[in-house]
Amino acid sequence: MTDNKGVTYQGPGKVEVQTIDYPGFELKDGPGVNPANVGRKVRHGAIIKTVATNICGSDQHMVRGRTTAPPGLILGHEITGEVVETGPDVEFIKNGDLVSVPFNIACGRCRNCKEGKTGVCENVNPDRPGSAYGYVDMGGWPGGQANYVLVPYADWNLLKFPDKDQAMEKILDLAMLSDIFPTGFHGCVTAGVKPGSTVYIAGAGPVGLAAGVSAFLLGAAVVIIGDLNKERLAQARSFGCETIDVSQGEPRDQIEQILGEPEVDCGVDAVGFEARGHGSEAGTEHPATVLNSLMEITRAGGALGIPGLYVTGDPGAADEAAKQGSLSIRLGLGWAKSLAFTTGQCPVMRYNRQLMMAILNDRVQIAKAVNATPIPLDQAPRGYEDFDKGAARKYVLDPNGMLAAAS
């Protein structure tokens with residue numbers, strides 16, 4: 001049996017690389033696995049040899065102890081790899097195919113999947129609609145920060161790259177297709193970004209940067225990104241974004257200095273529930289800050305795209321309401337301005353093929369924009385630590401040395 005190692009959550013602030021089971025075509029019991037999923041047959045699945053698997057801000061929420069994730073959970077939902085084995089019910093995906101794995105696990109058979117809402121598949125997570133690899137309350141499917149991982153419903157979920165050699169030449173860009181790039185793009189699409197738009201994106205982490213790239217791809221005239229982290233703001237400026245430092249005051253005032261008016265056409269929340277305050281309150285958490293400020297600065301009749309993560313359980317929240325996911329949202333302001341809101345997981349399959357074509361045809365350089373930085377699997381704990389400190393990088397794990405060989 002081939003050895004397999006994976007990155008596991010061991011409690012707040014601690015991850016370890018451990019030897020884990022090699023995947024098979026049956027979902028076994030383990031940390032976070034819903035009992036109703038134990039023993040589930042996966043004849044429709046494929047085993048992937050991981051080429052690239054990224055550290056995501058959503059992973060970081062768990063590692064900080066801000067969710068109900070159990071110790072021992074195998075992390076990682078941003079997966080790109082090579083198919084090495086397929087189940088007997090797989091027809092079209094073949095061994096040797098180089099593929100992108102959408103972070104949403106979807107069956108392709110339920111009502112939501114058939115409507116393109118793959119982020120809320122009804123058949124893969126007994127707890128509630130929606131599932132993902134290596135994530136809390138998502139059914140218990142093992143994560144992909146490992147040498148090998150099982151992907152269910154392979155014919156439906158996997159995006160095959162048309163030319164393997166060409167794909168390996170652009171592998172860091174293509175590694176962003178599993179989550180971050182479609183998620184940023186989804187935030188902009190749902191915010192109504194189109195040619196000539198002015199856009200404000202809260203957060204200059206990797207998703208915020210990906211949203212900035214996406215806004216330009218959609219034709220935005222001005223893209224403004226706000227954050228507290230000077231290195232991340234510099235990264236946003238590196239590909240043409242305007243930036244504001246929200247520790248210096250409210251976004252509204254700084255947006256007016258840039259645009260000549262205090263409003264934008266489109267707003268994107270790429271921060272989520274660990275938001276901090278603005279100005280003098282930038283040192284403390286205020287989980288509703290981003291949503292409330294976006295309602296204030298987005299023009300009447302506009303829209304908010306909200307790819308930033310919000311949770312139903314946050315044991316580290318400052319107050320009891322926030323621990324249950326209840327925030328002090330100024331919904332009356334949003335209603336008065338007739339704003340539209342779109343929340344939830346990005347339905348990756350809605351966008352990943354078109355974004356793949358943009359990458360393969362040199363229309364976008366997403367890896368450069370987010371400062372994609374490959375590191376070996378055994379350096380994952382250091383990657384999590386540096387990312388938590390605010391490193392202006394998107395760490396990409398290289399479990400099998402295939403990124404190093406391609407560079």
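Scoring rules and cut-offs
- Once a new chain begins, its residue numbering starts again from 1 and follows that chain's sequence as written.
- Local features are withheld for residues below a pLDDT of 70 in this predicted model, meaning they are given only at 70 or higher, and side-chain atom pairs are given and counted only at 80 or more; totals for whole chains, interfaces and linings count all residues.
- The side-chain numbers reported here are obtained from all heavy atoms of the structure, hydrogens and water having been left aside.
- Runs of E in the DSSP output that reach at least two residues are strands. Runs of H or I that reach at least four are helices, and both are numbered from the N terminus.
- We compute the radius of gyration from the C-alpha atoms alone; for a globule the expected value is 2.2 Å times N to the 0.38, where N is the number of residues.
- Relative accessibility under 20% of the residue-type maximum defines a buried residue, over 50% an exposed one, and the middle range a partly exposed one, all with a 1.4 Å probe and only protein chains included.
- In what follows, a contact means two residues having at least one pair of non-hydrogen atoms within 4.5 Å.
- Counted as positive: Lys and Arg. Counted as negative: Asp and Glu. His and the chain ends are not counted at all.
- A charged residue contributes its charge at one atom only: NZ of Lys, CZ of Arg, CG of Asp or CD of Glu.
- Strand pairing is assigned whenever DSSP identifies at least 2 bridges connecting the two strands.
- Crossover handedness is defined by viewing with both strands directed away from the observer: a clockwise path from the first strand over the helix to the second marks the crossover as right-handed.
- The axes used here are C-alpha line fits, helices contributing only the stretch in contact, and every angle between their N-to-C directions lies in the interval 0 to 180 degrees.
- Angle categories: roughly parallel below 35 degrees, roughly antiparallel above 145, roughly perpendicular from 65 to 115, and oblique for all the rest.
- Crossing handedness: left-handed means the near helix sits turned counterclockwise from the far one by under a right angle, and right-handed means the same turn made clockwise.
- Residues are sorted three ways: Asp, Glu, Lys and Arg are charged, Ala, Val, Leu, Ile, Met, Phe, Trp, Tyr, Cys and Pro are nonpolar, and all the rest, Gly among them, are polar.
- Any helix carries an expected span of 1.5 Å times its number of residues minus one.
- Both site types are read off a 1 Å grid over the protein atoms alone. A 1.4 Å probe that fits but cannot get out defines a cavity, while an open set with protein on both sides within 12 Å along at least five of seven lines defines a pocket; lining residues have an atom within 4 Å of a point.
- Grid points are joined across faces, edges and corners, and a volume is the space filled by probe spheres set on the points.

A. Fine view of the overall build of the chain. Looking only at helices and strands, the chain has 16 helices and 17 strands in total. What you see for the chain is a C-alpha radius of gyration of 20 Å, in line with the 22 Å of a compact globule of 407 residues. Taking the principal axes of its C-alpha atoms as reference, the chain extends roughly 60 × 50 × 40 Å. For the chain, the residues scored as buried account for 57% of the 407 residues in total. Of the contacts made within the chain by residues no fewer than 6 positions apart, 70% connect residues no fewer than 24 positions apart. Side-chain charges in the chain split into 36 positive and 46 negative, and the spacing between the mean points of these groups amounts to 3 Å.

B. Seen up close, the pairing of strand β7 (residues 98-101). Side chains of β7 alternate between two faces, with L98 and S100 and V99 and V101 buried alike. In this sheet, β7 lies alongside strand β6 (residues 78-86) in antiparallel orientation, the contact comprising four bridges. Residue pairing in the sheet places T80 in a bridge with S100 of β7. Inspection of the sheet shows β7 paired to strand β9 (residues 159-160) by two bridges, in the antiparallel sense. Each residue of the ladder has a partner; that of S100, found in β9, is L159.

C. Spatial organisation of the pairing of strand β17 (residues 394-398). β17 sits mainly inside the fold: five of its five residues count as buried. On β17, burial covers both faces: K394, V396 and D398 on one face and Y395 and L397 on the other are all buried. For strand β5 (residues 46-54) and β17, the ladder comprises two bridges, and the chain directions are antiparallel. Bridge assignment links T53 to a residue of β17, and that residue is L397. By the bridge criterion, five bridges tie strand β16 (residues 372-376) to β17 in an arrangement that is parallel. Bridging from a neighbouring strand, A372 pairs with K394 of β17. Running through helix α15 (residues 380-388), the crossover from β16 to the neighbouring parallel element β17 is right-handed.

D. Here's a closer look at the packing of helix α6 (residues 180-190) against helix α13 (residues 352-360). Where α6 contacts α13, the two axes come as close as 10 Å, and the packing angle between them is 110 degrees. In terms of their interaxial angle, α6 and α13 are classed as roughly perpendicular. Like other packed secondary-structure pairs, α6 and α13 cross with a definite hand, here right-handed. Between α6, through F181, P182 and F185, and α13, the contact on the second element is made entirely by Q354, L355 and I359. Looking at the contact of α6 with α13 residue by residue, the classes come out as five nonpolar, one polar and no charged.

E. View of helix α7 (residues 206-217). Given a rise of 1.5 Å per residue, 12 residues ought to cover 16 Å, and the 16 Å separating the end C-alpha atoms of α7 matches this to within 8%. The set of residues buried in α7 consists of P206, V207, G208, L209, A210, A211, G212, V213, S214 and A215. Immediately downstream of α7, the backbone of G219 shows phi near 100 degrees, a positive value.

F. Molecular detail of the packing of α6 against α7. One can describe the packing of α6 onto α7 by two numbers: an axis separation of 7 Å at closest approach and a directional angle of 60 degrees. Judged by the angle between their axes, α6 and α7 are oblique. Crossing of α6 against α7: the hand is right-handed. Counted together, I180, F181, T183, G184, F185 and C188 of α6 and P206, V207, A210, A211, V213, S214, A215 and L217 of α7 form the full contact between these two elements. Taken together, the residues of the contact of α6 with α7 sort by class into 11 nonpolar, three polar and no charged.

G. Focus on the layout of surface pockets. The volume enclosed by the second largest pocket comes to roughly 440 Å³. If you trace the second largest pocket, you find 24 residues lining it, with D21, K28, D29, I74 and P142 closest to the centre. Elements that contribute at least two residues to the lining of the second largest pocket include exactly β3 (26-27) and β8 (148-151). For the lining of the second largest pocket, the leading source of residues is β8, giving three residues. Here the residues of the lining of the second largest pocket sort into 13 nonpolar, seven polar and four charged.

H. Molecular detail of the sheet that holds strand β10 (residues 198-202). Spatially, six strands are ordered β12-β11-β10-β13-β14-β15 in an open sheet, and the strand pairing comes out parallel. Each end of this open sheet is capped by a strand with a single partner; those strands are β12 (242-245) and β15 (340-342). Across the sheet, the axes of successive neighbouring strands diverge by a mean angle of 20 degrees, strand direction being ignored. Bridging between strand β13 (residues 264-269) and strand β14 (residues 298-305) involves four bridges; their strand directions are parallel. Paired with V268 across the strands is G305, a residue of β14. Those strands touched by α6 are β13, β14 and β15, and its axis lies near 155 degrees from that of β14. Most of the contacts of helix α10 (residues 289-297) go to β14, to which it runs at about 145 degrees, and overall it touches β10, β13, β14 and β15.

This is a description of form; function is not addressed.
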